[in-house]
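Secondary and tertiary structure notes
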Amino acid sequence: MPAYTFAVNGRTVTVDAPADMPLLWVLRDRLGVTGPKYGCGIDVCKACTSHLDGEAINPCVVAVSEVAGREVTTIEGLADGDALHPVQEAWLEQDVAQCGYCQPGQIMAAVALLRKTANPTDAEIDAIQNVCRCGTYVRIREAIKRAAAKM
Amino acid sequence: MGDPTASSTELTGGAVGRRRFLTFLVAAPTLTLATTDLAPDSAAAASVDVAAGLPGLPQPADIMDLGDVLILAGTPTAHLLVLEVTEDGEAHFELPRAEVGQGITTAVAMLVAEELDLPLAKVRVRLADARPELLMNQLTGGSNTIRSVYGPVRRAAAAARARLVAAAGARWDLAPGLLATRDGAVVAPDGRTASYGSLTSLAATLPLPGLTAKPKPESEHTLVGTPTSRVDARAMVTGAMRYTLDLDVAGAMPTMVRRPPTINGTVRSVDNEAEVRAMPGVIDLAVVPTGVAVMAETFGQAQDAKDALDVTWNGGTVDSLSDAGIRKRLRAAALPFAVPPLLTRYVDAEFDFAFVSHAPLETNCAIADVREDRAEIWAGLKSPIVARQTIAAAIGLPEGRVTVHVRQSGGSFGRRLFFDGALEAAQISKAMARPVKLMWSRIDDMRHGRARPATHHKIRATYALGRVLTYEHRVAAVETDLRHGLGEILTATAAGLPVAGNLSFAQTVFLTTVKVPYDFGVVTELLNEVPLKMHTASWRSVYSANTRGAEEILVDELAKKMGRDPVAFRRAFLKTDRQRRVLDKVAAEGDWGRAMPAGFAQGVGFHDEYQSCTACLVEIDARDPGEPRVVRAVIAADVGRPINPRGLEAQLLGGLTDAISTTLRAGLHIDRGLPLEGSYSQFHYARQKDSPSDVRIFIMPAGGEPGGAGELGVPAAVGAIANAYARATGIRPRSFPINFDVDFTPFPR
Ligand code: FES
Ligand code: FES
């Protein structure tokens, strides 16, 4: 089996895996990085949303071979030690999470959006596809705006 | 923990008058308490008083609702709560309920912190394992947790506090009456302090005959009732929260199941086992009652392998059934009206509601480690005692050899009342003789998971001279599976139930959850079920989302016929001032009646259940009736006594989003024995673009005991949205979800 070397949350890892193994299972089942969640496996629910070189990706449909030599960031890598990312802080301030299962993906999607657009419009926030089955959308929107104001 | 050794603390109860309590001190090095409430809870009696004051005849749910039934059934063991004060000054509380996102661990931590005068950060609430000695008191449902634990938790914490105070008194040789508690410490009049941590072992061993303690009067609450953020929020935003599948149980490897092409189909033969066993990463394969289980190194490989299986299937239980046939059977099952529309004026309407998946974002999953002589299970479970019994029987172990851990889970909405994932994991673990980490695919979760049953509704109201004379509602529903311990609870409380005749469990649940909040003369609401062998379960608000939702639509139509404005009409017919205040709040805050552009409209709905009531006002943009969007919502709720208003608002927000989804677009089509929908691209639960950006929620001030709130938000919002849609488009919605085309290519079976 080929070996792939890449960075996960600043740590260099090498995994032996078939080229087409989805990154989600490399992270969760091989590396024990369980922040990204499975919700559909086909790029629909976005619960697994993470970053590849700073851009949002959905590791359930990204093959491990695609990330070789690159930098993967999951929800676990967002904070700087104990210091939370402003988006995480905004999430706490708005008390967004209910069951919390979608929230790693929501936060990673929001961070990626804010990287592209410092002050996202409502239409840009509307374009976020991440499902929240608990229905926290209103607080997510408020938290994104709050984070934007902070950053 | 050892056997309880009796000490004779006598406690005085809260607002409901003097009661006797015993406190048992559990043999432990630190203060660990289980309290006993000797008096039956007064909830049922209290509700009768309320009902007696209502104009018109009370319905069964006015007298005793399902929540009261659950409290009554749980009362004999309500005292078996475990609260420990540790040497580092923390309070650890074991909650015999499930946390599925409703924020119950936060609310309970607040109760403990309040009563102990301890900072919230020093309270840890963990979910108790299945505890069979709790009998009927470990079921999370019926919006009942706060209602059922509000008294017992406070009494347990008050008893702990009294013991800590007594211990400090003994140490300082001061009368306990002179001492106060603050910030996790006992304080003497001269300013000396002793932390709880330093007192706990003394408090555990001190003989304290005749110690009395009572919970604080509610007027002294400083934390309870104030908006508080979730105690688990940080774990959630950092990815540190461990859900079932995030646990590292030694040897438990990823496992998935290949399921039949129709509901309840079974395996006849596996035709390429050797090939699949040779696939990359595959570890094991086993045929179980529900399909073919495949274990692999990773879930991706397990999924590939199960998809590659070539299986010959036996038929299922509803193979020839599709939506049209189900609808026909439901229509035929709706019982006839009693009142013929003679001589009076009347409004008739019929409604249909599709099946709806619970679709929690965390799919059905469990970890099971079944050995020859013992088993251990981890899963999100709302009825863990019944789960344990059933699993033990299925794998042939005595119940005492099965440990069931309740894990915090990624949503439920009623889904996790059932433990089919845990049962299946145990069966696979037994068959493979290894620990198993079982995950259902999203497709399977939607197609073979549980759903809210489809329903059909016939409603007739007659009126004359500005009064509603009769109101009849006939509900026909595909059978809701209630086999998660509710039957036992209803049997145990049967003598006290306010229903007569030979009713089924379902009819009893229906009558103890559904009631008309309006003074509509002679009211009859009847349920008739169609038994179909499908996987169903109560879905947030059980029968009320559809039944009360349909009624709120009918109310608008009735108001129109009688020439009244929808808000004014409701005001006139609601039974209590408390209900009217909630309605008035949304009408005022939502600027009811303001002018709207063409294609936009307001709609209003009201709902009352479990001693709480709520009103919802929405504004809809339905310029394109095929793509309506709720753009604004105002909600008011009176839940008697809010524990955590911020958490309560979250629940109402969730109810609103559920209503938006199920009223406008989200449902399941049944086609030849299987739902067509297999993911969120097909089951259209709301996304950010479907959610209003302007939502305001008003929680009415505390004024009584806590009512139920977890499901409260759905029915009023269903009515409000449908009514707004009707006013905006002129189309009277009769079938839900309103826009329900098969706008996708179904996944292969
Ligand atoms: S699991 Fe990756 S998008 Fe749903
Ligand atoms: S918080 Fe539960 S799915 Fe979003």
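Thresholds, definitions, all that
Residues numbered from 1 in each chain as written. Chains lettered and ligands numbered in written order. Predicted model: local features only at pLDDT ≥ 70, side-chain atom pairs only at ≥ 80, totals over all residues. Heavy atoms only, no water. Buried < 20%, exposed > 50% of the residue type's maximum accessible area, 1.4 Å probe, protein only. Helix = DSSP H or I, 4+ residues; strand = E, 2+ residues; numbered from the N terminus. Pairing = 2+ DSSP bridges. Axes fitted to C-alpha atoms, helices over the stretch in contact; angles between N-to-C directions. Contact = heavy atoms within 4.5 Å. pLDDT = per-residue confidence, 0-100. Buried area = accessible area lost by both parts, 1.4 Å probe. Salt bridge = Lys/Arg side-chain N within 4 Å of Asp/Glu carboxyl O. Polar contact = N/O pair within 3.5 Å; in protein donor to acceptor, adjacent residues only side chain to side chain. Core = buried A, V, L, I, M, F, W, Y, C linked by side-chain atoms within 4.5 Å. Disulfide = S-S within 2.5 Å. Arc of directions from axis to C-beta. Parallel < 35°, antiparallel > 145°, perpendicular 65-115°, else oblique. Left-handed = near helix turned anticlockwise from the far one by under 90°. Nonpolar A, V, L, I, M, F, W, Y, C, P; charged D, E, K, R; others polar.

Named according to an unreviewed UniProt entry, chain B is Isoquinoline 1-oxidoreductase subunit beta originating from Planotetraspora kaengkrachanensis.

With an unreviewed UniProt entry as reference, chain A is termed Isoquinoline 1-oxidoreductase subunit alpha, source organism Planotetraspora kaengkrachanensis.

Residue and element names in this part refer to chain B. Residues Ala91, Phe93 and Leu95 point to one face of strand E6 (residues 91-95) and are all buried, whereas His92 and Glu94, pointing to the other face, are not buried. The sheet contact formed by strand E5 (residues 82-85) and E6 spans four bridges and is antiparallel. From the neighbouring strand, valine 82 faces E6, where its bridge partner is glutamate 94. Hairpin connection, E5 to E6: the antiparallel pair is bridged by five residues, and glycine 89 has positive phi, about 80°.

Moving on, we come to the sheet that holds strand E5 (residues 71-73) of chain A. All names here are of chain A. Pairing is mixed across the open sheet formed by five strands, whose spatial order is E2-E1-E5-E3-E4. Looking at strand neighbours, the two that pair on one side only are strand E2 (11-16) and strand E4 (55-57), the edges of this open sheet. Ignoring strand direction, the axes of neighbouring strands in this sheet form an average angle of 40°. In terms of strand pairing, strand E3 (residues 50-52) meets E4 through three bridges, oriented antiparallel. Counterpart to serine 50 in the pairing with E4 is isoleucine 57. Packed onto the sheet, helix H3 (residues 103-116) meets E3, E4 and E5 and runs at close to 45° relative to E3.

The next subject is the confidence of the model for chain B. All names here are of chain B. Here chain B averages 91 in pLDDT, while 92% of its residues score no lower than 70. Residue range residues 1-27 is modelled with pLDDT below 50. Its contacts to residues more than four positions away, or to other chains, number 78 contacts. Throughout residues 36-54 the model reports pLDDT below 50, and contacts reaching past four residues in sequence, or to other chains, amount to 35 contacts. For this predicted complex, the interface score ipTM comes out at 0.98, alongside a pTM of 0.93.

Of the residues lining the interface, 46 residues belong to chain A; the matching set on chain B comes to 61 residues. Note on chain A versus chain B: buried area summed over both sides is about 4400 Å², and carbon and sulfur give 58% of it. Interface area lost by chain A to chain B is led by Gln98, Arg133 and Tyr137 of chain A, which between them contribute 18%. At the boundary of chain A and chain B, one finds five salt bridges. Linking arginine 629 of chain B and aspartate 126 of chain A is a salt bridge whose minimum nitrogen-to-oxygen distance equals 2.8 Å. Here chain A and chain B share 24 residue pairs in polar contact (both at pLDDT 80 or more) between them.

Turning our eyes to something else, we now look at the side chain of histidine 684 of chain B. Residues and elements named next belong to chain B. Locating histidine 684 in the fold gives a position in the loop between strand E31 (674-675) and strand E32 (694-699). With relative accessibility at 14%, the residue histidine 684 sits in the buried group. Only 3.4 Å separates the side chain of histidine 684 from the side chain of arginine 665, close enough to count as a polar contact. Apart from residues no more than four positions distant in its own chain, histidine 684 is found in contact with Ser661, Arg665, Ala666 and Asp743.

Another point: the nonpolar core. Residues and elements named next belong to chain B. The biggest cluster of nonpolar side chains holds 116 residues, and the ones touching the most others in it are Phe520 and Tyr680. Ranked by the residues each element gives to this core, the list is headed by helix H20 (residues 713-729), at 10 residues. Membership of the second largest hydrophobic core comes to 51 residues, among which are Leu95, Ala113, Val125 and Val186.

Before going further, it helps to examine the pattern of salt bridges. All names here are of chain B. If you walk through the whole model with that rule in mind, you get 71 salt bridges over all chains. Among the ionic pairs, arginine 594 bridges to glutamate 619, the shortest N-O distance being 2.6 Å. Separated by 25 residues along the polypeptide, arginine 594 in the loop between helix H18 (577-589) and strand E27 (600-609) and glutamate 619 in strand E28 (residues 612-621) bring together distant segments of the chain. According to the relative accessible area criterion, arginine 594 is partly exposed, its value standing at 35%.

Moving on to the state of the cysteines. Summed over all chains, the structure comprises zero disulfides over all chains. Looking at cysteine 365 of chain B, it has no disulfide partner, and the nearest cysteine sulfur is the one in cysteine 99 of chain A, 11 Å off.

To continue, consider helix H17 (residues 566-573) of chain B. Residues and elements named next belong to chain B. What H17 keeps buried is the set Pro566, Val567, Phe569, Arg570 and Phe573. Taken down its axis, H17 places every buried residue within 160° of arc, on the same side. On its buried side, H17 packs onto strand E25 (467-478), helix H16 (544-561), H18, E27 and H20.

Residue and element names in this part refer to chain A. Contact geometry of H3 with helix H5 (residues 137-150) gives a least axis separation of 11 Å together with a crossing angle of 40°. When the axis of H3 is compared with that of H5, the two are oblique. H3 and H5 meet at a crossing whose hand is right-handed. In contact with Gln103, Gln106, Ala110 and Leu114 of H3, H5 contributes Ile140, Ile144, Ala147 and Ala148. Residues of the contact of H3 with H5, tallied by class, amount to six nonpolar, two polar and no charged.

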